[in-house]
Amino acid sequence: MEISVVFPVYNEAKNLKKLHEETREVLKNNFEEWEEIYVEDGSEDNSYRVLEKLSEDDDHVKVIKFRRNFGQSAALMAGFDHAEGDVVVSMDADLQNDPKDIPKLVDKLKEGYDCVSGWRKNRKDSIGKRFSSWVQTHLSMRTGPDIHDFGCTLKAYRKEAVKDINLYGEGHRYIPAKLYKSGYKITEMEVNHRPRKHGRTKYGTGRLFRGFYDLIFSYFWNQFSVRPLHFLGGIGTVFMSVGFFIGLYRVIMKYAFGVPVLPHLAQLLLAVGLLLFGFLLFMFGILAEMLAKTYYEERKPYVVEEKKGL
Ligand SMILES: Nc1nc2c(ncn2[C@@H]2O[C@H](COP(=O)(O)OP(=O)(O)O)[C@@H](O)[C@H]2O)c(=O)[nH]1
Ligand SMILES: [Mg+2]
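Residues numbered from 1 in each chain as written. Chains lettered and ligands numbered in written order. Predicted model: local features only at pLDDT ≥ 70, side-chain atom pairs only at ≥ 80, totals over all residues.

(A) Inspection of helix 2 (residues 47-57) at higher detail. Every buried residue of helix 2 is accounted for by S47, V50, L51 and L54. Projected down its long axis, helix 2 carries its buried residues within an arc of 95°, all on one side. Contacts from the buried residues of helix 2 go to strand 1 (3-9), helix 1 (13-30), strand 2 (34-41) and strand 3 (61-66). (Buried ≥ 20, exposed ≤ 12 C-beta atoms within 10 Å, placed from the backbone. Helix = DSSP H or I, 4+ residues; strand = E, 2+ residues; numbered from the N terminus. Arc of directions from axis to C-beta. Contact = placed C-beta atoms within 7 Å.)

And the structure:
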């Protein structure tokens, strides 16, 4: 299979027919073999029936239906799992992305990249959404590749890269950061972005906030997942040391200079508090380390690009 295009779908009934028509036109004119994979994720409207109809009329259309809403990341993951193309493209199902960009992304990919990420330079979304995207992108850039738009669903991948992506939560936002961390070559390309005509955005403030926590977690994960003890143990040790020295100071004052301890109760409490808190952090570090161990036991801590003679 030459190319697979994956669409996460949630309440997009009114967009699907036109989306399919636009996509088919582009794929037919540029590729020999292709498939369109729609992942329907517990929509409350009749998205699934529309998709069923599309797949009856066109063999290239494949549909996965979830039992309930599992979220955009899960939907992308399912699409990637089932994609058979050597190139896999993911795209919004609300017509905001433009199928005409697909061949351009694929050409760029062939220049030797593992992922070409769309950059919605001229974005047709509300100010609030653009602002939150801006914040997230700037935080993501700290650990990730140097690209402008992490949140754009429109991306093209080589099969190897896509099969290596593991998504959960709101993880689809950090795909470029994850791939980058595994050593894949990523670049970006300006893509068209259109205003949403039918249906509503699924990312209100609540969902955007959840994405924010994910971002903080992913930052820590990228920085410290391999050795969480270095981080938590380090902070814990600082707290314990400060507590220890305050305590030591009071002990010396008492036994060397006869200054009674009780009038300095606050310092004593501080010393004990810091010691305990530091110790707890340290123990958390050890727990996190154990968890990381079980995680990396199942997964290799490296990503192979090629093998010869093996
Ligand atoms: N499968 C699935 N797709 C979703 C979900 N939420 C959003 N989408 C799809 O992801 C794409 C982008 O969502 P949208 O609400 O337009 O986000 P926005 O462009 O950032 O406002 C659209 O194709 C949606 O149908 C979800 O929970 N499950
Ligand atoms: Mg949209």
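(B) View of the environment of K293. With respect to the helices, strands and loops of the structure, K293 is situated in helix 10 (residues 265-298). Taking the C-beta count within 10 Å as the criterion, K293 has 10 such neighbours and is therefore assigned exposed. When the C-alpha atoms of K293 and R227 are compared, they prove to be 9.3 Å apart, with 66 residues separating the residues in sequence.

(C) A look at the nonpolar core. The biggest cluster of nonpolar side chains holds 54 residues, and the ones touching the most others in it are V6, F7 and V89. Apart from residues lying up to four places away in sequence, V6 is in contact with I37, V39, L76, G79, F80, A83, V88 and S90. (Core = buried A, V, L, I, M, F, W, Y, C linked by C-beta atoms within 7 Å.)

(D) Highlighting the domain arrangement of the protein. Domain parsing of the protein yields domain 1 (3-223) and domain 2 (228-298). The centre of domain 1, based on its C-alpha atoms, is set 46 Å off from the matching centre of domain 2. (Domains from an automatic or database assignment.)

(E) Region of the structure containing the packing of helix 1 against helix 2. The interhelical angle for the contact between helix 1 and helix 2, taken along N-to-C directions, is 20°, at an axis separation of 8 Å. With respect to each other, helix 1 and helix 2 are oriented roughly parallel. By crossing handedness, the relation of helix 1 to helix 2 is classed as right-handed. In contact with A13, L16, K17 and H20 of helix 1, helix 2 contributes S47, V50, L51 and L54. (Axes fitted to C-alpha atoms, helices over the stretch in contact; angles between N-to-C directions. Parallel < 35°, antiparallel > 145°, perpendicular 65-115°, else oblique. Left-handed = near helix turned anticlockwise from the far one by under 90°.)

(F) Molecular detail of helix 1. For helix 1, with 18 residues, the first-to-last C-alpha span of 27 Å sits near the 26 Å given by 1.5 Å per residue. Buried-residue contacts for helix 1 involve strand 1, strand 2, helix 2 and strand 3. (Expected span 1.5 Å × (residues − 1).)

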